[in-house]
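Residues per chain are reported as follows:
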Amino acid sequence: MRSRSDSSWRRRGRAWQQRWDHSHRRWRHSLRLRLVTMFVLLALVMTAVFMGGMRSMVSSGWRDAGRPLIADYVDRLAAEIGTPPDPSRAQALTQRLPLAVRIEGPVVNWESHPGRMAGRGFESRAGDLFSRSTTDGHKISFGLGSLPWQRGPQGVVWFTLGVLLLLLLVSYGVVRRLLRPLDDIGAGAQRFGRGDFDRPIPIRRNDELGDLAQRINTMARDIQDMLDAKRALLLALSHELRSPLTRARLNAELLPATPEGETERAALLRDLGEMRDLISDLLESERLASPHAALSREHIDLAVLVHDVVAELPQEDELELDLAPDVPLMSLDRTRIRLLLRNLLDNALRHGGRAAGALRPPLLSLRRVEGAVEIEVRDFGPGVDEAQLERLAEPFFRTDSARQRATGGVGLGMYLCKLVALAHGGSFELRNAKPGLSVRVRLSLALPPAGDAPDTMRARAFRPRGDIA
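Description of the structure in this document. A quick note: this is a predicted structure, and the numbers were derived from the prediction, not measured.

About the thresholds
Residues numbered from 1 in each chain as written. Predicted model: local features only at pLDDT ≥ 70, side-chain atom pairs only at ≥ 80, totals over all residues. Heavy atoms only, no water. Phe/Tyr/Trp six-rings, centres within 6.5 Å; stacked < 30°, edge-to-face > 60°. Buried < 20%, exposed > 50% of the residue type's maximum accessible area, 1.4 Å probe, protein only. Axes fitted to C-alpha atoms, helices over the stretch in contact; angles between N-to-C directions. Helix = DSSP H or I, 4+ residues; strand = E, 2+ residues; numbered from the N terminus. Parallel < 35°, antiparallel > 145°, perpendicular 65-115°, else oblique. Left-handed = near helix turned anticlockwise from the far one by under 90°. Contact = heavy atoms within 4.5 Å. Pairing = 2+ DSSP bridges. Core = buried A, V, L, I, M, F, W, Y, C linked by side-chain atoms within 4.5 Å.

Let us look at the packing of aromatic side chains. For the structure shown, the criterion picks out 1 aromatic pair. Taking the centre distance of 5.7 Å and the plane angle of 10 degrees together, the rings of Phe 192 and Phe 197 count as stacked. Here Phe 192 and Phe 197 have matching classes, each one buried.

Below is the structure:
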């Protein structure tokens, strides 16, 4: 029984410790709570200093001035009780005035409030100021009796506590109102970090916080202008490069096919094709990176689209498919999702196919999970170093171990896949599957906003059965 009791007390102690730690962390994190605490402590310190000063002033200056008056008043009270002291007169005196009277002597020993005067300290603090001795050997001592607020209900105390609590709540409300611009600035900073520059931080007051919000809005506009200028420059350069590249490719194809120059001609055409693909990927990445990326949505069957994309690949016989039958029609941009699937499969075949020495072909899985559809493409190649995994979806990033430039590509494939997933309101995740690399894309089954409704309504197409092995 004792061990269970000790265990229960330890659990309660840990629970209280966790609550205290949580409250302490919340207090340290909340500027409002710290300001209110500072105001309350400042008020208490000022009250203590004021009361101490007043007490010191009264005790040093007014005590000497009031001592003769108090002595004369005590003489009159002792005379009214009489000699020898009359307890009935003393009783009447205590009923008329908030006094406590104690009579000590050879004949009369009487006390109006038994035990009330003990510890009051009148005799120790003022000597004989509150005591008088009569001619017959009695000693009459006076002290405070029942004060009005002691005889009545304790309403004054509760009223005072209520007023203090009300003042505390009012001070918290005032501090919260004063610091409300900080909430607006924090929310605005999060919006700007996501690339949403359309909603500036509201300016609520013309003070230092209002000036700070205005400066942040100005900074956000400058950042937006720089991003727009960079995007416009990149788009213009890409468009301008397309025409000469097309002419160069056409001229290369029109070159006479001779055995001596066939190798150089093929290399030139391959390089021109890579430059064309790079420009196309750059243009598409800039369109998708825009906060207003336009998606041409339509209801499509993902399983059918997967089979179509796989059929276009030259290594279609090197893939395994695991397609769940319960995946519904989804409102997606067919062209962008096709691009996502093509890039993921190309990456898996390039780094986890037979050419890479993998023991098993790449696997594409399509399944329904928690209100979303999950696309997973996994290869069984060497994988990626953990230190470089987080940067794998960055533009133009290429690992320096298993994924060399000789394998092809310029480092935009994963970046485009991530942009496509985010543009559809989904998620993009990379992880080492050991062996190989796993890429998961989740697309929500929730309907798109009203302004982004599907352009066309297509019936479910025939879904091929079986896997491609």
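The next thing to look at is the packing of helix H10 (residues 302-312) against helix H11 (residues 334-352). With their axes 10 Å apart at the nearest point, H10 and H11 run at an angle of 55 degrees to one another. Looking at the two axes, H10 sits oblique to H11. The two elements H10 and H11 cross, and the hand of that crossing is right-handed. Contacts from Leu 302, Leu 305, Val 306, Asp 308, Val 309, Val 310 and Glu 312 of H10 reach H11 at Arg 334, Ile 337, Arg 338, Leu 341, Arg 342 and Leu 345.

As a further point, take the pairing of strand E8 (residues 363-369). Within E8, 5 of the 7 residues are buried, which leaves the element mostly enclosed by the surrounding structure. Bridge count for strand E6 (residues 320-323) against E8 is 4 bridges, and the pairing is parallel. When the bridges of E8 are listed, Glu 320 appears paired with Leu 363.

For helix H13 (residues 413-423), every residue scored as buried is listed here: Met 414, Tyr 415, Leu 416, Cys 417, Leu 419, Val 420 and Ala 421. Positive backbone phi, at 75 degrees, marks Gly 425, one or two positions downstream of H13.

Another aspect to go through is the sheet that holds strand E3 (residues 131-133). Taken together, the 4 strands give an open sheet; going across it, the order is E2-E1-E4-E3, and neighbouring strands pair in antiparallel fashion. At either end of the open sheet lies a strand with only one pairing partner, and these are strand E2 (110-111) and E3.

The next thing to look at is the nonpolar core. Counting 47 residues, the largest nonpolar core has Leu 341, Phe 428 and Leu 430 as its most contacted members. For Leu 341, the contacting residues outside a window of four places in its chain are Leu 305, Val 306, Val 309, Leu 364 and Ile 375. Core analysis: the next-biggest nonpolar cluster, separate from the first, contains 12 residues, Ala 90, Leu 93, Ile 103 and Val 108 among them.

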